[in-house]
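# Structural description and commentary
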Amino acid sequence: RALHSDFPDVSPVLLVAAKDIDHAERVAKWLRTYRNLKHDEVHVAHSGKKQSATERAIADLVAIDQPGNRVKVVVNVFQLSEGWDVTNVWVIAPLRALSSFTNAIQTIGRGLRLPAGRRVENDEIDTLDVLCFGKEDFGTIVRQATKEFGAGAEGSAAVSIAGSSEHQFRITRQVAIRPLRDVRFSLPQVSRIPGEPDLEFTPQITKGISSYVEVLDIGSGDIGTEDQVASRRDFDAVVRSSTSYVIENLKFLDPVRHGRPVANIIKRVLEDLGGKPGMQLSTDPMKLALAVMEAIRDHHRAGHSVYLAGSSPSEVVLETVEVPIPVEFLEFPSQQSIADWK
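These numbers were taken from a predicted model, which means no experiment stands behind them.

### Side note on the overall build of the protein chain
For the protein chain, the helix and strand inventory stands at eight helices and 13 strands. A buried classification covers 33% of the 342 residues belonging to the protein chain. Residue pairs at least 24 apart in sequence account for 76% of intrachain contacts in the protein chain once pairs closer than 6 positions are excluded. Of the roughly 21,400 Å² that the protein chain leaves accessible, carbon and sulfur atoms contribute 52%.

So, in structure tokens, the structure goes:
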């Protein structure tokens, strides 16, 4: 949106295709409980709801691509196969078998709408990601679609599958933009040296971490523990797993220098929960790691960085640049002149 002023103010949505009503409700509960999504960020749609609830659900569904909408995940069973025409589905995860070719195409078709109504030459925006689980072969679906509909002319809406280097974007031509006057200025070379992270603290993040974790196989809908209540892990295993995740995802941390201090933070959090080495814990290592990461980030941001100016500033000169514009544009869009630079 910063690069394209006319890009709509919409947020990406994940569409999850569940195998039945119970499965859909379990997946939604898992997302809200163990991945910290708010209740109104997960929308569940299935035929098991009451008439009044279904009518409200339909109204909410068609508004998902409107500015300010909070929904991040739509979990459905079958009734989104036709007629749901929002533009901001970026990822589709079929957690059930795509039982027929028609069903597969209809499901995937929910994500083939372009949010800006056109390609914007950004792979993240122009591409739909489909995560296939189980034995489904997406290539077979595409071959069936091509056989039924034909390969289509280049740039048409026919179904195709391509590697990331083979995506076809809209045709453009190069247009030169020349400065109206000579503009030069000096730019100091400044380097930022972040302070060493302070890891000698105990974050107050026990709320919600102590709850047990249902190990839900979101693909099958089954609970994967013997007692069907909680998954338990050794104290040290939780510490190792959480520490590894924190170090891997906080790029300003070094595994050698900061591995042990991070592990100590996690141990102190677990001890605040009543845990101790040798115990079997029902704590989700990832949920714990995410909470610790946020605490370390906040603590690190509160510290001070050092900014050093280099000895020789660089000179910036505005020069002619060439930019691609769509071939259907007869001329470059008009622009205002910049009056008297000081």
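### So, the packing of helix H6 (residues 235-249) against helix H8 (residues 285-301)
Taken N-terminus to C-terminus, the directions of H6 and H8 make an angle of 45°; their axes are 9 Å apart at the nearest point. The pairing of H6 with H8 is recorded here as oblique in orientation. Considering only the axes of H6 and H8, their crossing is right-handed. Mapping the contact onto sequence places Val238, Ser241, Ser242, Tyr245, Val246 and Asn249 in H6 and Pro285, Met286, Leu288, Ala289, Leu290, Val292, Met293 and Ile296 in H8. Taken together, the residues of the contact of H6 with H8 break down into eleven nonpolar, three polar and no charged.

### What to know about a nonpolar patch on the surface
A cluster of nonpolar side chains, contributed by Phe185, Leu187 and Leu318, occupies part of the molecular surface with about 250 Å² of accessible area. Residue placement: leucine 318 occurs in the loop between strand S12 (314-317) and strand S13 (321-326).

### Points about the pattern of salt bridges
One pass over the full model with this rule turns up nine salt bridges. The partner of arginine 184 in a salt bridge is aspartate 182, and the shortest N-O contact between them spans 3.1 Å. The class for arginine 184 is partly exposed, based on a relative accessible area of 49%. Aspartate 182 gets classed as exposed once you look at its relative accessible area, which sits at 55%. Note that arginine 301 is salt-bridged to aspartate 298, the shortest N-O span being 2.9 Å. On the criterion of helical spacing, the pair formed by arginine 301 and aspartate 298 is a turn pair, its members being three residues apart in helix H8. Look at aspartate 298 and you get partly exposed, because its relative accessible area is 40%.

### Topic: the environment of leucine 15
Locating leucine 15 in the fold gives a position in strand S1 (residues 13-17). Here leucine 15 falls in the buried class, since its relative accessible area comes to 1%. The sequence separation of leucine 15 and isoleucine 92 amounts to 77 residues, and the corresponding C-alpha distance is 4.8 Å.

### Digging into the sheet that holds strand S5 (residues 129-130)
Sheets are built from strands that pair by backbone hydrogen bonding, the pairs being arranged parallel or antiparallel. The sheet built from five strands is open, its strands ordered S2-S3-S1-S4-S5 with parallel pairing. Across the chains shown, the open sheet's two edge strands, defined by having one partner strand only, are strand S2 (42-45) and S5. Here S1 pairs with strand S4 (residues 89-94) via five bridges, running parallel. When the bridges of S4 are listed, leucine 15 appears paired with isoleucine 92. On top of the sheet, helix H1 (residues 21-34) reaches S1, S2 and strand S3 (73-76); it is set at about 175° to S2, its chief contact.

### Notes on the nonpolar core
Taken as a class, soluble globular proteins show a tendency for nonpolar side chains to be buried jointly. Counting 24 residues, the largest nonpolar core has Val246, Val262, Leu270, Val292 and Ile296 as its most contacted members. Listed by contribution, the elements that provide at least two residues to this core are H6, helix H7 (255-272) and H8. Core analysis: the next-biggest nonpolar cluster, separate from the first, contains 15 residues, Ala18, Trp30, Val44 and Leu95 among them.

### Overview of H1
When the terminal C-alpha atoms of H1 are compared, their 20 Å separation across 14 residues agrees well with the 20 Å that a helix rising 1.5 Å per residue should span. Those residues of H1 that sit buried are His23, Ala24, Val27, Ala28, Trp30, Leu31 and Tyr34. Here the buried face of H1 lies against S1, S2, S3 and H8. For H1, the side-chain oxygen to backbone nitrogen distance between the N-cap and aspartate 22 is 3.3 Å, and the N-cap itself is aspartate 20. One or two steps after H1, the chain reaches asparagine 36, where phi turns positive at roughly 60°.

### With respect to the confidence of the model for the protein chain
Model confidence for the protein chain is summarised by a mean pLDDT of 76, while 69% of its residues fall at 70 or above. Predicted confidence for residues 211-215 stays below pLDDT 50, and this span has 22 contacts to residues more than four positions away or in other chains.

### A word on the packing of H6 against H7
At a minimum axis distance of 9 Å, the contact between H6 and H7 shows a crossing angle of 130°. Relative to H7, the element H6 lies oblique. For H6 against H7, the interelement crossing comes out right-handed. Contact residues: Phe235, Val238, Val239, Ser242, Thr243, Val246 and Ile247 in H6; Pro255, His258, Gly259, Val262, Ala263, Ile266, Lys267 and Leu270 in H7.

Calculation criteria
- Residues numbered from 1 in each chain as written.
- Predicted model: local features only at pLDDT ≥ 70, side-chain atom pairs only at ≥ 80, totals over all residues.
- Heavy atoms only, no water.
- Helix = DSSP H or I, 4+ residues; strand = E, 2+ residues; numbered from the N terminus.
- Buried < 20%, exposed > 50% of the residue type's maximum accessible area, 1.4 Å probe, protein only.
- Contact = heavy atoms within 4.5 Å.
- Areas by Shrake-Rupley, 256 points an atom, 1.4 Å probe, with all protein chains shown as cover.
- Axes fitted to C-alpha atoms, helices over the stretch in contact; angles between N-to-C directions.
- Parallel < 35°, antiparallel > 145°, perpendicular 65-115°, else oblique.
- Left-handed = near helix turned anticlockwise from the far one by under 90°.
- Nonpolar A, V, L, I, M, F, W, Y, C, P; charged D, E, K, R; others polar.
- Patch = residues over 30% accessible without salt bridge, like charges linked within 9 Å, V, L, I, M, F, W, Y side chains within 5 Å.
- Salt bridge = Lys/Arg side-chain N within 4 Å of Asp/Glu carboxyl O.
- Pairing = 2+ DSSP bridges.
- Core = buried A, V, L, I, M, F, W, Y, C linked by side-chain atoms within 4.5 Å.
- Expected span 1.5 Å × (residues − 1).
- Polar contact = N/O pair within 3.5 Å; in protein donor to acceptor, adjacent residues only side chain to side chain.
- pLDDT = per-residue confidence, 0-100.

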